[in-house]
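# Examination of the molecular architecture
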Amino acid sequence: MQNKKMIFSGVQPTGCVTLGNYIGALKNWVKLQKEYQCIYSVVDMHSITVRQNPDELRERCRQFLALYIACGIDPKESILFFQSHVSAHAELSWILNCHTYIGELSRMTQFKDKSAKHEDNINAGLFTYPVLMASDILLYQTDLVPVGVDQKQHLELARDIAIRFNHLYGDTFTVPEGYIPPVGARVMSLQDPTSKMSKSDPNPNGYIWLLDAPEVITKKIKRAVTDSDGEIAYREGKDGINNLLSIYGAIVGKKPEEAVLEFEGQGYGILKTRVAEAVCEELRPIQEKYKEISADPSFLDSISKNGAEKAAEIAEKTLRLVQDKVGFMPR
Ligand code: TYM
């Protein structure tokens with residue numbers, strides 16, 4: 001473990017895990033886990049920036065953890081845990097809050113979007129959320145952060161905070177790099193292909209849930225919004241078709257520009273059928289494994305308990321170093 005470079009990433013347990021989360025993040029987490037020491041968290045503390053039903057949140061946390069494993073994260077190789085079980089995240093977050101400027105946080109586009117959506121609850125946590133995300137990453141001296149493109153701005157802030165802290169107090173944090181997949185870094189909504197596929201979309205036809213039944217997946221893809229010119233091409237202005245080609249490409253391991261060649265001269269119906277088949281085929285083993293795992297809650301408990309212990313051990317080392325650097329009294 002000592003010689004491997006570190007990876008940290010997480011998904012917020014809000015809504016449900018979508019095909020966007022899978023293609024943009026989880027699929028790559030699996031791919032990278034042999035080469036790196038990976039730490040993957042269900043970042044529950046982030047999710048309460050928006051009001052949650054407590055029982056549903058607990059239920060979802062379990063579901064997300066089970067899905068991480070079902071997607072292929074091996075708990076023997078990677079550390080899996082619930083963020084709230086490692087208190088160092090909150091502790092480092094306070095210190096980093098004191099090293100982050102309001103101006104920087106005000107520029108975060110996700111804050112602007114979310115505060116527009118939740119006008120009645122623009123809480124301080126929503127505003128300082130990127131600092132908690134920076135803490136998640138920096139606590140583990142992370143080298144690489146596999147995320148979708150929507151997290152790029154947050155990741156850049158984490159880098160800026162690390163560089164600033166290192167400059168002020170001497171080398172403390174590894175400055176992380178992002179790993180953004182070449183295909184599928186921004187899977188778009190099936191109903192509005194100009195906006196990203198989101199797990200909080202009130203219209204379930206806009207996203208594919210990893211646990212959607214094959215007939216539901218097929219129906220959603222068949223209903224996907226396209227355009228009326230009828231030509232299968234990958235180019236600007238063809239958002240719906242571009243999105244379907246990207247989803248297909250990400251799954252079969254082709255660039256969309258290559259994938260499009262398979263569909264020359266065909267109609268949208270064929271494209272949608274093939275995309276639906278590819279998605280169903282990709283998700284079938286995940287769904288089977290999920291069923292197996294979720295039938296054994298004690299297995300999940302032992303994974304998360306063990307994972308939190310391992311994560312805390314690493315995180316606390318960094319936290320103590322940081323506390324010392326800023327001048328807190330030794331224990
Ligand atoms: P979250 O929960 O919104 O999304 C989890 C991961 O899925 C990616 N993603 C997508 N990728 C492609 N297309 C999409 N439509 C799509 N939607 C989501 C996201 O980029 C992300 O990688 N703040 C983060 C969670 C987080 C985190 C961290 C990530 C908290 N701490 C530390 C990395 C490192 C978030 O809200 O992601």
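The rules we used
- Residue numbering note: each chain is counted from 1, following its sequence as written.
- Reporting in this predicted model follows two pLDDT cut-offs: at least 70 for local features of residues, and 80 or more for side-chain atom pairs to be given and counted; totals over whole chains, interfaces and linings ignore these cut-offs and use all residues.
- Based on all heavy atoms of the structure, the side-chain values leave hydrogens and waters out of the count.
- Strands here mean DSSP runs of E at least two residues long; helices mean DSSP runs of H or I at least four residues long; both are numbered from the N terminus.
- Only the C-alpha atoms count toward the radius of gyration. The rule for a globule is 2.2 Å times the residue count to the power 0.38.
- Buried residues are those whose accessible area, probed at 1.4 Å on protein chains only, stays under 20% of the maximum for their type, while exposed residues exceed 50% and partly exposed ones sit between those limits.
- To define axes, lines are fitted to C-alpha atoms, for helices over the stretch in contact only, and angles between the resulting N-to-C directions are given on a 0 to 180 degree scale.
- Orientation labels follow simple angle bins: below 35 degrees gives roughly parallel, above 145 gives roughly antiparallel, 65 to 115 gives roughly perpendicular, and whatever is left gives oblique.
- We call a crossing left-handed when the near helix sits turned anticlockwise from the far one by less than a right angle, and right-handed when that turn is clockwise.
- For this analysis, residues touch if any pair of their heavy atoms sits within 4.5 Å.
- The nonpolar class holds Ala, Val, Leu, Ile, Met, Phe, Trp, Tyr, Cys and Pro. Asp, Glu, Lys and Arg form the charged class, and all remaining residues, Gly among them, are polar.
- Take the buried Ala, Val, Leu, Ile, Met, Phe, Trp, Tyr and Cys residues and link them wherever side-chain atoms come within 4.5 Å; each set so joined is a nonpolar core.
- As used throughout, domain bounds are those supplied by an automatic or database domain assignment.
- We define proximity as follows: a residue is near a molecule or strand when any one of its heavy atoms falls within 4 Å of that partner.
- Contacts described as polar in this section are N or O atom pairs within 3.5 Å, which, within protein, must combine one atom able to donate a hydrogen with one able to accept it, while residues neighboring in sequence count only if both atoms come from side chains.
- Residue exposure ignores everything except the shown protein chains as possible cover, and the areas themselves are Shrake-Rupley values with a 1.4 Å probe.
- Only strands joined by at least two bridges in the DSSP assignment are considered to pair.
- Salt bridge, as used here, is a side-chain nitrogen of Lys or Arg placed within 4 Å of a carboxyl oxygen of Asp or Glu.

## A short note on the overall build of the chain
Counting its secondary structure elements, the chain contains 13 helices and five strands. Its C-alpha atoms give the chain a radius of gyration of 20 Å, within 12% of the compact-globule value 20 Å for 331 residues. Dimensions along the principal axes, computed over C-alpha positions, put the chain at roughly 70 × 45 × 40 Å. The buried share among the 331 residues of the chain stands at 52%.

## Overview of the packing of helix 7 (residues 124-138) against helix 8 (residues 152-169)
The description of two helices packed together rests on the angle between their axes and the distance between the axes. Closest axis-to-axis distance for the helix 7/helix 8 pair is 9 Å, and the angle between their directions is 70°. The angle between the axes of helix 7 and helix 8 places the two elements in the roughly perpendicular class. Helix 8 is crossed by helix 7, and the crossing has right-handed handedness. The segment helix 7 lies against helix 8, with Y129, P130, M133, A134, I137 and L138 engaging H154, L155, L157, A158, I161 and A162. Residue composition of the contact of helix 7 with helix 8, by class: eleven nonpolar, one polar and no charged.

## Let's talk about the nonpolar core
One broad trend across soluble globular proteins is that nonpolar side chains are buried collectively. In this structure, Y68, I221, I247 and V279 are the most contacted members of the largest nonpolar core, which totals 64 residues. Broken down by element, this core gets its largest block of residues, eleven residues, from helix 12 (residues 268-294). Built from parts of two domains, this core gets at least three residues from each of domain 1 (6-179 + 297-326) and domain 2 (204-291). Ignoring anything within four residues of it in the chain, the contact list for Y68 reads G10, V11, L26, W29, Y40, S41, V42, I73 and L80. Core analysis: the second largest hydrophobic core is formed by 38 residues, V86, L105, F111 and F165 among them.

## Quick notes on unusual backbone geometry
One non-glycine residue, Q141, adopts positive backbone phi at about 50°. Secondary-structure assignment places Q141 in the loop between helix 7 and strand 4 (144-146).

## Remarks on the side chain of N28
Tracing the chain through its elements places N28 in helix 1 (residues 19-32). Beyond its immediate chain neighbours, meaning those up to four positions away, N28 contacts I23, Y179 and P181.

## Points about the environment of Y234
Along the chain, Y234 falls in the loop between helix 9 (214-222) and helix 10 (239-252). By relative accessible area, which is 34% here, Y234 ends up partly exposed. Along the sequence, Y234 and L144 sit 90 residues apart, while their C-alpha atoms lie 30 Å from each other.

## What about the site of the ligand?
Taken together, the neighbourhood of the ligand is formed by 27 residues, with Y129, D136, D150, V187 and K199 sitting nearest. Within the backbone of G20, one N or O atom sits 3.2 Å away from a nitrogen atom of the ligand. Isolated, the ligand exposes 700 Å² of accessible area, and the fraction of that covered by the protein chains is 98%. Looking at side-chain class alone, the shell around the ligand contains twelve nonpolar, ten polar and five charged residues.

## So, the pairing of strand 1 (residues 6-11)
Of all six residues making up strand 1, five are buried, and the element is well covered by its neighbours. Direction of pairing for strand 1 relative to strand 2 (residues 37-42): parallel, over a ladder of six bridges. Note on strand 2: the bridge partner recorded for F8 is I39.

## Section: the domain arrangement of the chain
Parsing the chain into structural domains produces domain 1 (6-179 + 297-326) and domain 2 (204-291). Centre-to-centre separation of domain 1 and domain 2, based on C-alpha positions: 29 Å. In this structure, the connection of domain 1 to domain 2 is made through one salt bridge. As a salt-bridge pair, E282 and K27 come within 2.9 Å of each other at their nearest N and O atoms. At the boundary of domain 1 with domain 2, the tally comes to four residue pairs in polar contact (both at pLDDT 80 or more). Elements with a contribution of two residues or more to the side of domain 1 that touches domain 2: helix 1 and helix 3 (54-70).

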